[in-house]
Amino acid sequence: MNIRNADLSIKEAFPKVSLEEVFIIINILFWIVLIVVAAAAGLLFGYIMRKSIGEKAIGNAEQTAKNLILDAEKHAESLKKEQILEAKDEALRIKQETDEEIKQRRLEISKSERRLIQKEETIDKKLESIEQKEANIIRKEKNITDKEDELQEAINRQNAELEKISGYTKEEAKQILLSNIEKDIRTEASVLIREIETEARENADQKAKEIITGAVQRCAADHVAEITVSVVPLPNDEMKGRIIGREGRNIRAIESMTGIDLIIDDTPEAVVLSGFDPVKREVARLSLEKLIVDGRIHPSRIEEMVNKAEKEVANIIKEAGEQACFDTGVHNLHPELIKLLGRLKYRTSYGQNVLKHSIEVSLLAGLMASELGLDPKLAKRAGLVHDIGKAVDHEREGTHVDLGMELLQKYKEPQTIIDTMCTHHGDYEAKNLEAVLVTAADALSAARPGARMETLETYIKRLQQLEEIANTTKGVDHSYAIQAGREIRIIAKPDEVSDKDIAFLAREISKKIESEMEYPGQIKVNVLRETRAVDYAK
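Residues numbered from 1 in each chain as written. Predicted model: local features only at pLDDT ≥ 70, side-chain atom pairs only at ≥ 80, totals over all residues. Heavy atoms only, no water.

**Remarks on the overall build of the protein chain**
(1) Moving on: Helix and strand counts for the protein chain come out as 15 helices and eight strands.
(2) Moving on: Within the protein chain, the fraction of its 538 residues that count as buried is 28%.
(3) Moving on: The long-range share in the protein chain, meaning contacts at least 24 apart out of those at least 6 apart in sequence, stands at 61%.
(4) Moving on: Accessible surface for the protein chain amounts to roughly 37,300 Å². Of this, 55% is attributable to carbon and sulfur atoms. (Helix = DSSP H or I, 4+ residues; strand = E, 2+ residues; numbered from the N terminus. Buried < 20%, exposed > 50% of the residue type's maximum accessible area, 1.4 Å probe, protein only. Contact = heavy atoms within 4.5 Å. Areas by Shrake-Rupley, 256 points an atom, 1.4 Å probe, with all protein chains shown as cover.)

Written out as structure tokens, the structure reads:
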């Protein structure tokens, strides 16, 4: 009845829908409701499961944390026990080491105590020995005192007897003796004083000669005679025409670029370069030699070769200046002063190379300063630059001394160096002893035999005069002047001069040389005598 009513109501509600369609709709609605209920049940189940799993995970995490804490506590306790054990072991080791060290120190102390005891025993024995020696000395002193008293009594008795015999008292005899002794002593003292003065003069003179000659002998320098012209050899005479060039253009180019005159005369296979500036003359010589080797001689090539030669000469000048400073031990010179020193390599004075002369003066002055206890560095430096003005005296007016002073002031050399070098020609007064040594070294280097071409004839005459003085002395067979006149060897006649007389002969010849000749340094007179026995076997 109800179903039918329901059907009727459905039909009434959906008059146009069939019953089957109604059932289909109902089934769909049923499944939809079922799905919704199932989804809700699933969500509720998932929530319950998630909550259960989360609580379980939290529980596991808490348990894990508790386990970790327990493990950490156990590990910490284990580490603590290990540290305690290690500390105990370390303390035991330290205690053992300390005990061992204390034991060693106790042994050392005991040894020291034994040594001290032994030393004390030794000292006690020495003290006993010293006390015995002191007692012996006291006894000996007492005996000596007694004997002195006895001796004094004997002397007094003898003096009394002597006073009776002589008729003089003790004081009168003393005065007579003192007066006689005073006269003798005054005479001997005056003779001794004269001997000492004479010996001092001779020794001082001899010492000065030894210092100067020793300095000259220890300073060895090579000297090359140079002149104001240079000769360039040619491979053949045809080269002269190539050097002159068409209408003389080549020779004019060389002369204008170098400032040196070329003299091409009848001298076979040679060209003469003439000029007062030695550096320019060297540049011209090198340029011409390079052109001759190259074979291409024309104005542009000449200019190129002259430039190369100028650079080469500049390097040579710099190296020569640096080498001079190295040879003399003079350092920290201004680079421009070193170049000016190098220019002196091509400068001559009376045929003497000025750079070599400057090096020699520096070494001589330094050696003499060292011997006399002065400043050798100051003497060497001033001696090296004393002629530096000659490097520019062809270009500027003034003496080489004044030019040198200007150059040294320009390049900030100390005033003491300037004061020391400026006196070597007597233009200025010497302000220190090193200046006197530089002046003396300059004179020695210039006057040394063979140093200058100008003194060649004088040098030869001096040797001849030296031999003549020796040969005209009685008892001389013949003589030879050697070592540039610093020594003369004399052969004595054995039948006229005995072995005892050769010393007097040497002295006689020395006095003649001193009175008749003027010479630098000293001359050694060496007299030789020999006895020959000649026989013939028949």
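**Examining the packing of helix H5 (residues 249-258) against helix H7 (residues 299-328)**
(1) Moving on: Running from N to C, H5 and H7 cross one another at 30°; their axes reach a closest spacing of 10 Å. As the angle between them shows, H5 and H7 are arranged roughly parallel. For the element pair H5 and H7, the recorded crossing hand is right-handed. Residues Arg249, Asn250, Ala253, Ile254, Met257 and Thr258 of H5 form the contact with H7, whose own contacting residues are Pro299, Ile302, Glu303, Val306 and Glu310.
(2) Moving on: When the residues that make up the contact of H5 with H7 are grouped by side-chain class, the tally is six nonpolar, two polar and three charged. (Axes fitted to C-alpha atoms, helices over the stretch in contact; angles between N-to-C directions. Parallel < 35°, antiparallel > 145°, perpendicular 65-115°, else oblique. Left-handed = near helix turned anticlockwise from the far one by under 90°. Nonpolar A, V, L, I, M, F, W, Y, C, P; charged D, E, K, R; others polar.)

**Regarding the side chain of serine 362**
(1) Moving on: Its place among the elements puts serine 362 in helix H9 (residues 354-372).
(2) Moving on: Residue classification places serine 362 among the buried residues on the basis of a relative accessible area of 0%.
(3) Moving on: Side-chain polar atoms of serine 362 contact the backbone oxygen of lysine 380, separated by 2.8 Å.
(4) Moving on: Other than its neighbours up to four places away in sequence, serine 362 contacts Thr328, Lys380, Gly383 and Leu384. (Polar contact = N/O pair within 3.5 Å; in protein donor to acceptor, adjacent residues only side chain to side chain.)

**Considerations on the nonpolar core**
(1) Moving on: Counting 40 residues, the largest nonpolar core has Leu333, Leu337, Leu340, Leu341, Leu384 and Ile388 as its most contacted members.
(2) Moving on: If you list the elements that add at least two residues to this core, you get H7, helix H8 (335-343), H9, helix H10 (376-384), helix H11 (400-410), helix H12 (415-421) and helix H13 (433-447).
(3) Moving on: The dominant element in this core, judged by the number of residues it contributes, is H9, at eight residues.
(4) Moving on: Not counting chain neighbours up to four residues away, the residues in contact with leucine 337 comprise Ile388, Leu407, Leu408, Tyr411 and Glu413.
(5) Moving on: Membership of the second largest hydrophobic core comes to 26 residues, among which are Ile254, Leu262, Ile317 and Tyr346. (Core = buried A, V, L, I, M, F, W, Y, C linked by side-chain atoms within 4.5 Å.)

**Notes on the side chain of histidine 400**
(1) Moving on: The topology assignment puts histidine 400 in helix H11.
(2) Moving on: Take histidine 400: its relative accessible area is 15%, and that puts it in the buried class.
(3) Moving on: Separated by 3.3 Å, the side chains of histidine 400 and histidine 424 make a polar contact.
(4) Moving on: Those residues in contact with histidine 400, other than ones at most four positions away along the chain, are His386, Asp387, Gly389, Lys390, His424 and His425.

**As for the environment of asparagine 353**
(1) Moving on: Along the polypeptide, asparagine 353 turns up in strand E5 (residues 352-353).
(2) Moving on: A relative accessible area of 4% places asparagine 353 in the buried class.

**Remarks on the pattern of salt bridges**
(1) Moving on: Within the structure shown, the criterion is met by 17 salt bridges.
(2) Moving on: Between lysine 290 and glutamate 312 there is a salt bridge; the shortest N-O distance is 3.2 Å. In this pair, lysine 290 sits in helix H6 (residues 278-294) while glutamate 312 sits in helix H7, placing the two residues 22 residues apart along the sequence.
(3) Moving on: The exposure class assigned to lysine 290 is partly exposed, which follows from its relative accessible area of 28%. (Salt bridge = Lys/Arg side-chain N within 4 Å of Asp/Glu carboxyl O.)

**A few points about the packing of H6 against H7**
(1) Moving on: Contact pair H6 / H7: the axes reach a minimum separation of 8 Å and the direction vectors enclose 130°. Taken together, the axes of H6 and H7 are oblique relative to one another. Viewed along their axes, H6 and H7 form a crossing whose handedness is right-handed. The residues of H7 that touch H6, namely those facing Val279, Glu282, Val283, Leu286, Ser287, Lys290, Leu291 and Asp294, are Arg301, Ile302, Met305, Val306, Ala309, Glu310, Glu312, Val313 and Ile317.
(2) Moving on: In the contact of H6 with H7, the residues fall into 10 nonpolar, one polar and six charged.

**A short note on H7**
(1) Moving on: If you check H7, its first and last C-alpha atoms are 43 Å apart, about what 30 residues at 1.5 Å a residue would give, namely 44 Å.
(2) Moving on: Listed as buried for H7 are Arg301, Ile302, Met305, Val306, Ala309, Val313, Ile317, Ala320, Gly321, Ala324, Cys325 and Thr328.
(3) Moving on: As for H7, its buried residues are in contact with H5, H6, H8, H9 and H10.
(4) Moving on: At the C-terminal side of H7, glycine 329 shows a positive phi close to 75°. (Expected span 1.5 Å × (residues − 1).)

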